Amino acid sequence: MLDLSLLRATDDTMAKTDHALDLAAFRTRLENEGGPRLWRSLDELSEDENFREYLYDEFPRQAGLMEEDGVDRRSFMKLMGASFALAGLASCSPPVERIVPYVNQPENLVLGVPMFFATAMPLGGYATGLLVESHEGHPTKVEGNPDHPASLGATNAFHQASVLGLYDPDRSSTIRKMGEVSTWPVFLTELQQHLENMPSGEGLRLLTGSITSPSTGQLLVDLRAKFPASRRHQFEPTAGDNRREGSRLAFGTYADTVYRFDQADLIFSIGSDFLHTGPGHIRYARDFASKRRVSGGARTMNRLYAIESIYTPTGAMADHRLPVRASQMEGFARAVAAAVGSGGAASGTPLTAAQSDWIHALAADLQAHRGTSIVVAGDEEPASVHALAHALNSALGNIGRTVMIVEPAEIEPVNQLESLRSLVTDMNAGRVQTLLIIGENPVFDAPADFNFAAALQKVPFRAHLGLYYDETAAVCQWHVPETHYLESWGDARAFDGTVAIIQPLIAPLYGGHPASELIGAISGDARSAHDIVQDFWKARMPAIGFGDEWSRILRAGVVPNTASAARGGAAAQVPAPPPQARNESGLELILRADPTIQGGRFANNGWLQELPKPMTKLTWDNVAHVSPATAAQLGVKNEDEVTLTLNGTTVVAPIWVTPGTADDTVAVDFGYGRRRAGRVGTGIGFDAYVLRNSTGMWWAPGLQVSKNGRAYRLATTQRQNTMEERRPVRSATLTEFLAKPDFAHTEADLAGQYPNLYPEYKYDEQRWAMSIDTSVCTGCGGCVIACQAENNIAVVGKDQVIRERVMQWIRIDRYYAGDPANPTVYSQPVPCMHCEKAPCEPVCPVEATTHSEDGINEMTYNRCIGTRYCLNNCPYKVRRFNFYKYSDYTTESLKFQRNPDVTVRSRGVMEKCSYCVQRIRTARKRADREDRKIVDGEVITACAAACPTEAIVFGDLNDPRSRVKALKESPLNYALLAELNTQPRTTYLATVRNPNPQIKTAGPTETA
């Protein structure tokens, strides 16, 4: 059982120390601990004096001096004195602008009352159903659609941040020809003139990403009928080519796989981050978590095995995880298949004794869970590994039970890499006369060896449709602004094929056009996007009553009975091993899409740039990840700049030592290094795409690394708070929990005998509280962005993050336990605790922070004078101070994004989590009008609403039937820093893992 003590910690693993990594010393120190120990970084294990000095400084040196900002202390006080003196005069001035009230209230609009509309956000072609809040015609907040199979009411960080993308002032606002402003009619006229010279469409090409839209698919059919010689090519940097080809290897044709994690007792993940990426990951996370909880009285839970090359949120949830080099993943999977007895021979990949024991224990566990297990391969793994996964699922009897093989959701699925290769070949040969690039940016993200920009310039007529005037738009003659999904009509399929209707909430802000209108215009179809979608579905539904049915579909957001049909066919066969093993010596390069800006698509979104990455807590940059052993071998530490060389191409990247990374591996995230991404995203990080060739899209051998003697400053949030050697995360195995259900509590916790000098409060109505289940929290960060969108939280930028001035109201602490080579990982969201005996309240000289009648620790912004006494007195460090005027008050479009129910804070004020008090007050007013009490589930905070795994539960402790009440009574419930007797309303459920007792080594749980 884990009795976890915690030292002060930082994620800046070696940034402040010059000594080399000494893994032997680290392991010796861990072995000599009195009990298992949690740590956040290798610096903590090193116990370096520089690290201690950095951590214990009351005023961190990295916060800098006033002089660094160009204002010394004396000048600053003068300026502030003048500001205070003039404040009274300014507040008495009338508004300069002329304001006009509504004369007649618009139909279907109640002023001050938000409305919700069902829509869907396509990403990678696949849709996730959403409910979007609109204030007087302005979308402000995204929620999940509980009726959509890919959402079930939850969202991820990309969905939440999409509202900011809608109002991005850097979005393309005009049609351009050769960089000059033009118009849609002029563009169409010139396009039709080119098409007249190719009556059969010979030389006409389209380049799109993945498309699942049925109505757009019909437009493509119509286009091909008019121009039979035309061709459509597809490419996205994160396309699942390996997944597609794996299904074709296994079943002889393209098919999609739908997993039922809510029916699986055992999961084996082969390089798959199914809890954090992919079209169905929100649903999969929800289903996985449903089999992970023991707080409701369940005495069983699922078990997750994972092999991967770099730590992912899915690997962090695993009961057993092994770091495996990319070149060895297929050999490892073949060894498992051979041990299970599904046929085929294992490759010659050498395995250690511990790995062999691990494989045989896994194989026995899989055999014991025939029909209730899942084997899932990641999109980055080769097609042969996907075929192996299908073979294992077939041999174990999982197909048709926990694994469903269905018709593809994509329109015309192809191998996208080969499709792009064919296009580049034809462009270089002069066979492409007209090329329309729709929604993609291949000049930036196509494989480097294709040299797409050079080939593109050989096309006589080239046009680009996109949200931004990006790298590809700059090479094209024509650029047309694309509509955001919140301002356009459309439809798209989910991961299981279910169709959602995309309906706009606002007219196009910048006069853009959706892809459907451009594709229709090629064949002379001048219909609007609305008519295209409605006409498509009208032709497929009964004419009588279509209007009513269409209205019901728009309200629900889902077209009923449209899920993909299941497919039959022969059982999957294990593919033959490759004739020769690939080179396994030397360093290997791993390429992955960045977890917060994806492949670069969201580079200009400040919320996502400042969202700490799940495993490293880095912001505003990408890095080269290496394991502690590889760092020691290379003689590098955090923030050392190195030169990465692969096939004669070089890039300069900063090092980040990431525990759990496979040895002899360097992992980089692509999506940074943008040259035309807007004011936020341009020039940040390094461009890893230049290392990505068509022969090594996800990994490549032969990487060379050399130090260049420079350092690069990185911004991380994990270093900025500490729990002072206390027990923030409490964990045990399922066996230990069943033997001792109250393991999460110390003797002092159970006795409850803490001194109490604060007055007692009596709550006659509500008593709001929150419970956070660390067993199912994946650390995805969706709650952080949901809170940011709901509460108008400002972005501060990389420099201010380094100075420990991040403004996000929720932080997600990540802790390691065990051997740095393969530690166990725990994630813990930390919002304001809303303490019953809040230390922040009595120290405020102006009573800006007070205790409400329902137990919320409130902040009155216009009363706060910025003493920061409350911050100093908060043991959880969850309060944020506006050192500068972080909120943008001048950019017109950003004003419409903000939630009008929440004050926008200026500089000099303290702010923090409020339990979304605006939602509570709205529900209370509604209940009072209806003469009833607030029912459980009527108030859901933004963070709880977004959480895919329902790790966050909010409710009323005075309601005996509330979920939060039941969770507080669980033996797993514990308070953070309970010994301080702050009596926090936010408490946690301890982590329970389910390791296989047959595995004694090589798994992260055992080393803890």
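Scroll up for the structure.
In this report, we go over the structure that sits alongside the text. Everything numeric in this text was worked out from a predicted model, so none of it was measured. (Residues numbered from 1 in each chain as written. Predicted model: local features only at pLDDT ≥ 70, side-chain atom pairs only at ≥ 80, totals over all residues. Heavy atoms only, no water.)

## Here we look at the overall build of the protein chain
Next, step 1: Across its full length, the protein chain holds 32 helices and 41 strands.
Next, step 2: Within the protein chain, the fraction of its 1008 residues that count as buried is 60%.
Next, step 3: Restricting the contact set of the protein chain to residue pairs at least 6 apart, pairs at least 24 apart contribute 75%.
Next, step 4: By element, 52% of the accessible surface of the protein chain is carried by carbon and sulfur atoms, the whole surface being about 38200 Å². (Helix = DSSP H or I, 4+ residues; strand = E, 2+ residues; numbered from the N terminus. Buried < 20%, exposed > 50% of the residue type's maximum accessible area, 1.4 Å probe, protein only. Contact = heavy atoms within 4.5 Å. Areas by Shrake-Rupley, 256 points an atom, 1.4 Å probe, with all protein chains shown as cover.)

## Structural notes on the sheet that holds strand E40 (residues 986–989)
Next, step 1: What the four strands build is an open sheet, ordered E38-E31-E40-E39; its pairing is mixed. If you trace the sheet from one side to the other, it starts and ends with strand E38 (952–956) and strand E39 (973–974), each paired once.
Next, step 2: Examined bridge by bridge, strand E31 (residues 768–773) and E38 share five bridges and lie antiparallel to one another. Counted as the bridge partner of Ala769 is Gly955 from E38. (Pairing = 2+ DSSP bridges.)

## Concerning the environment of Thr982
Next, step 1: Looking at the secondary structure, you find Thr982 in the loop between E39 and E40.
Next, step 2: Classification of Thr982 by relative accessible area gives buried; the value is 2%.
Next, step 3: Sequence separation between Thr982 and Asn756 is 226 residues; the distance between their C-alpha atoms is 8.9 Å.
Next, step 4: Excluding its chain neighbours within four sequence positions, the residues that come into contact with Thr982 are Cys835, Glu836, Lys837, Pro839, Pro875 and Tyr876.

## A word on the nonpolar core
Burial of nonpolar side chains together is a common tendency in soluble globular proteins.
Next, step 1: Among the nonpolar cores identified, the biggest contains 101 residues, and Phe743, Trp768, Tyr876, Tyr915, Leu972 and Val992 are the most heavily contacted of them.
Next, step 2: Looking at this core, the element that brings in the most residues is helix H5 (residues 157–166), giving six residues.
Next, step 3: Non-local contacts of Tyr915, meaning those with residues more than four positions away in its chain, are made with Trp768, Ala769, Met770, Met833, His834, Ile856, Ile920, Thr941, Phe954, Arg985 and Thr986.
Next, step 4: Grouped together as the second largest cluster of nonpolar side chains are 46 residues, Leu420, Val636, Ala653 and Leu703 included. (Core = buried A, V, L, I, M, F, W, Y, C linked by side-chain atoms within 4.5 Å.)

## Notes on the packing of aromatic side chains
Next, step 1: If you walk through the whole model with that rule in mind, you get 24 aromatic pairs.
Next, step 2: Seen from their ring centres, Phe670 and Trp698 are 5.9 Å apart, and the 40 degrees between their planes marks the pair as tilted. Linking Phe670 in strand E27 (residues 665–670) with Trp698 in the loop between E27 and strand E28 (699–711), this pair joins segments that are 28 residues apart in sequence.
Next, step 3: Taking relative accessible area as the criterion, Trp698 reaches 9% and is therefore assigned buried. (Phe/Tyr/Trp six-rings, centres within 6.5 Å; stacked < 30°, edge-to-face > 60°.)

## Quick look at the pairing of strand E3 (residues 115–123)
Next, step 1: With nine bridges connecting them, E3 and strand E4 (residues 126–135) associate as antiparallel partners. Considered in E4, the bridge of Phe116 is made with Glu133.

## Thoughts on a negative patch on the surface
Next, step 1: A cluster of acidic residues, Asp764, Glu765, Asp928 and Asp931, forms a negative patch on the protein surface.
Next, step 2: Looking at the secondary structure, you find Asp928 in helix H29 (residues 917–929). (Patch = residues over 30% accessible without salt bridge, like charges linked within 9 Å, V, L, I, M, F, W, Y side chains within 5 Å. Salt bridge = Lys/Arg side-chain N within 4 Å of Asp/Glu carboxyl O. Lys, Arg positive; Asp, Glu negative; His and termini not counted. Charge placed at Lys NZ, Arg CZ, Asp CG, Glu CD.)

## As for helix H6 (residues 184–196)
Next, step 1: In this model, H6 (13 residues) spans 18 Å end to end at C-alpha, consistent with the 18 Å of a helix rising 1.5 Å per residue.
Next, step 2: Buried residues of H6: Trp184, Phe187, Glu190, Leu191 and Leu195, and no others. Down the axis of H6, the sector holding all buried residues measures 140 degrees, keeping them to one side. Opposite the buried face of H6, by more than 90 degrees, sit the exposed residues Pro185 and Glu196.
Next, step 3: Close packing links the buried residues of H6 with strand E6 (175–177), strand E8 (204–208), strand E16 (434–438), strand E17 (461–466), strand E18 (478–481) and helix H18 (515–522). (Expected span 1.5 Å × (residues − 1). Arc of directions from axis to C-beta.)

## Notes on the sheet that holds strand E21 (residues 558–559)
Strands belonging to one sheet form pairs held by backbone hydrogen bonds; the direction of such a pair is parallel or antiparallel.
Next, step 1: Across the sheet, three strands lie side by side as E19-E20-E21; this open sheet has antiparallel pairing. If you trace the sheet from one side to the other, it starts and ends with strand E19 (490–493) and E21, each paired once.
Next, step 2: Pairing geometry for E19 and strand E20 (residues 499–502), over four bridges, is antiparallel. In the sheet register, Ala492 faces E20, and the bridge partner there is Ala500.

## Let's talk about helix H20 (residues 546–556)
Next, step 1: Turning to H20, its buried residues are Phe546, Trp550, Ile553 and Leu554. Projected onto a plane normal to the axis of H20, the buried residues spread over an arc of 100 degrees and lie on a single side. In H20, those exposed residues whose orientation departs by more than 90 degrees from the buried face are Asp548 and Arg555.

## Notes on the pairing of E31
Next, step 1: Buried residues dominate E31, accounting for six of its six residues.
Next, step 2: Judged by which residues are buried, E31 turns out to be covered on both faces: Trp768, Met770 and Ile772 on one side and Ala769, Ser771 and Asp773 on the other are all buried.
Next, step 3: Bridge count for E31 against E40 is four bridges, and the pairing is parallel. Within the sheet, the bridge partner assigned to Ser771 lies in E40 and is Thr987.

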